[in-house]
Amino acid sequence: MDYLPIISNRLTDISFAGIRKVFQRANEIEAQGKKVIHFEIGRPDFDTPSHIKEAAKVALDKGYVHYAPNNGLPALREALAMRLRIDKELNYDLEKEIMVTAGGQEALYLTFLSLLNDGDQVIIPDPSFGPFALAIQLAGGIPVKIPLEPDENFSYDLTAAKRALTRRTKAILVNSPHNPTGGCLTKEQLKEVADFAVENDLILISDEAYDKMIYEGNFVSPASFPGMQERTVICGTLSKTYAMTGWRIGYIAASETIIGAAIRLQQNVMLSLCTFAQYGAIAALTGSQECVESMVREFARRRLLVLGRLKQIPGLELNGIPQGAFYAFPRVTLPNITSAQVANYLLNHEGVAVVDGLAFGQGGNGHFRLSYAVSYDDCRIGLERIDEAMKVLRKL
Ligand SMILES: Cc1ncc(COP(=O)(O)O)c(C=O)c1O
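Residues numbered from 1 in each chain as written. Predicted model: local features only at pLDDT ≥ 70, side-chain atom pairs only at ≥ 80, totals over all residues. Heavy atoms only, no water.

### Thoughts on the site of the ligand
By nearness alone, 13 residues border the ligand, and Gly104, Asp207, Thr237, Ser239 and Lys240 come closest of all. Residue Asn179 places a side-chain N or O atom 2.8 Å away from an oxygen atom belonging to the ligand. One of the side-chain N or O atoms of Thr237 is found 2.5 Å from an oxygen atom in the ligand. Starting from 390 Å² of accessible surface for the ligand in isolation, the protein chains cover 92%. Here the shell around the ligand takes 3 residues from helix H4 (residues 103-115), the largest share from any one element. Class assignment for the residues of the shell around the ligand results in 3 nonpolar, 7 polar and 3 charged. (Near = heavy atom within 4 Å. Polar contact = N/O pair within 3.5 Å; in protein donor to acceptor, adjacent residues only side chain to side chain. Areas by Shrake-Rupley, 256 points an atom, 1.4 Å probe, with all protein chains shown as cover. Helix = DSSP H or I, 4+ residues; strand = E, 2+ residues; numbered from the N terminus. Nonpolar A, V, L, I, M, F, W, Y, C, P; charged D, E, K, R; others polar.)

### Some words on the sheet that holds strand S15 (residues 368-371)
Pairing is antiparallel across the open sheet formed by 3 strands, whose spatial order is S11-S15-S14. Strands at the two margins of the open sheet, each flanked by one partner only, are strand S11 (327-328) and strand S14 (355-356). (Pairing = 2+ DSSP bridges.)

### Details of a nonpolar patch on the surface
Among the surface-exposed residues, Ile6, Ile7 and Leu11 lie close enough to one another that they form a single nonpolar patch of about 350 Å² accessible area. Turning to its location among the elements, Leu11 is positioned in the segment before helix H1 (18-31). (Patch = residues over 30% accessible without salt bridge, like charges linked within 9 Å, V, L, I, M, F, W, Y side chains within 5 Å. Salt bridge = Lys/Arg side-chain N within 4 Å of Asp/Glu carboxyl O.)

### Observations regarding the domain arrangement of the protein
Domain annotation of the protein identifies domain 1 (9-47 + 291-394) and domain 2 (52-286). For domain 1 and domain 2, the distance between their C-alpha centroids amounts to 25 Å. Broken down residue by residue, the surface that domain 1 buries against domain 2 is led by Gln323, Ala325 and Phe360, which jointly contribute 22%. With a shortest N-O distance of 2.7 Å, Asp47 and Lys53 are connected by a salt bridge. Contributing elements (two or more residues each) for the side of domain 1 that touches domain 2: helix H10 (290-311) and S11. (Domains from an automatic or database assignment. Buried area = accessible area lost by both parts, 1.4 Å probe.)

The following block contains the structure:
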């Protein structure tokens, strides 16, 4: 007799994220008493600013512990609309065009589930944040990975994107500042992607998780180009901006049609987001933004240290200068050793955790991602250890 598999086929291609495996191994090493430098983690090391926590505590004390509306508290949508207007010069209707999600990740997931039929294709960057491809697959779609051009701020190779188009191509995703490379597209480069979307009648999904973390130039949302707002889905989050990764508050801003579909899904998936966390999020968006500015200033300081030091280490090369997020993505230039072997050596011999570039797709092969969302001192110690490791590895 044939037994039905316990686990659904949908999960066949889904393994534990590469980052998690590194994190687990790093914890094992730490448990043996060695200090590990956590360059693998993509989350700010800061605490959530106190006025945000205070607002959530007050909400709890007031008894705001029940379900919230499926699309989020009206005051939170109003605060999101206000920030989109001030920060991105975008006007969204808070009743119909904005919804609150469980972080940027659920925003992506709801977006793909709302847009895709089985076999629909979505162009995504290679390398990229792992959940892009997985969320597309889980929604029945096919991720089509297009290489990025390191010398062009890790912008798309649009000629390759053009060749990859089929009649099932439904959308193209842009993520600037970019995880894992730290690349930031210029306004002109974003406009080229937007024009590509228009010419080929594609929806443009803009992952704006790192919109505040830009060290040279200013953030531009592709939705702000004339005629693009209707065609663009913004997936955003408070996670990185306000050091709120554990609060799980993100959002989608898009046309009424898309938001309408995503809310119907949300009714059946999360029902609603944590109510008192939403009160904290209102305080984050409407309060002074000095807390964000000071975190970004500290990231900028670490970035200079990391870039300057990486450039001095033979066997590593920075193609393109990371201008945003909190990542560097050096390439390993030693002839007989892979980036995965370097990453393993760094962790096991030097206690430096980084993520091999392959975890972000074939396009990441030969690189590793280093997140400088750790203290300045840890950045310094970690880079010294990488330098020592590379001295050994160069002799192999
Ligand atoms: C590019 C990108 N998008 C979305 C997310 C998800 O963020 P959140 O923690 O808000 O779900 C991340 C998190 O690392 C990310 O790097």
